[in-house]
Amino acid sequence: VFAFATRSTLTFFPAGTPRSLYIGGFCGFTIILAAAFVFPRIGAGPAVALMALGQAAAALAIDHFALMGLARAPISLSRIGGFVLIIAGVALIRR
C-alpha cells in the first residue's frame, strides 16, 4: 500500500534476490498452513514435535550433502543418536 501511495519504483521481486529467500517464504507459508490443519487433529505438542523431527531430518541432509553452500558435515554416530532421541521424544509425546 505504501509503495502504491508514494508511487515508489520498488518492485515485488528485486533484482539479485537469492531464490532461497523465495523458497523460504513458500516453505514458511506451507508450514503455517499445515499447522492450521494438524493442530486440531493431533494437538499442539505432537505437531510441534513432528515439526522438530522434520527440521532435524532436513538439517542432517543439508549438512551431509553440503547443500545451500554450507560446509559438509558428514552424518556421524552422535548425530544419528541425537536424531533417534528426537524420534523417541516424538513417540513419548504422542502416547
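Not measured: the values here are computed from a predicted model.

### Some points on the confidence of the model for the protein
In low-pLDDT regions, the fine details of the predicted coordinates are not to be read closely. Per-residue confidence for the protein gives a mean pLDDT of 88; residues scoring 70 or more make up 88%. Per-element confidence in the protein is highest for helix 4 (residues 77-94), whose mean pLDDT is 95, and lowest for helix 1 (residues 2-5), whose mean pLDDT is 63.

### Describing helix 2 (residues 19-42)
The end-to-end C-alpha distance of helix 2 is 33 Å, a good match for the 34 Å that 24 residues give at a rise of 1.5 Å each. Along its length, helix 2 reaches its greatest deviation from straightness, about 30 degrees, at alanine 36, and the proline proline 40 lies no more than four positions downstream. Looking one or two residues past helix 2, glycine 43 carries a phi angle of roughly 95 degrees, positive in sign.

### Details of helix 3 (residues 44-65)
Over its 22 residues, helix 3 extends 32 Å from the first C-alpha to the last, a length consistent with the 32 Å expected when each residue adds 1.5 Å. Looking at the residues trailing helix 3, positive phi occurs at alanine 66, about 55 degrees.

Reading the values: the criteria
- Residues numbered from 1 in each chain as written.
- Predicted model: local features only at pLDDT ≥ 70, side-chain atom pairs only at ≥ 80, totals over all residues.
- Heavy atoms only, no water.
- pLDDT = per-residue confidence, 0-100.
- Helix = DSSP H or I, 4+ residues; strand = E, 2+ residues; numbered from the N terminus.
- Expected span 1.5 Å × (residues − 1).
- Bend = angle between axes of the 7 residues up to and from the residue.

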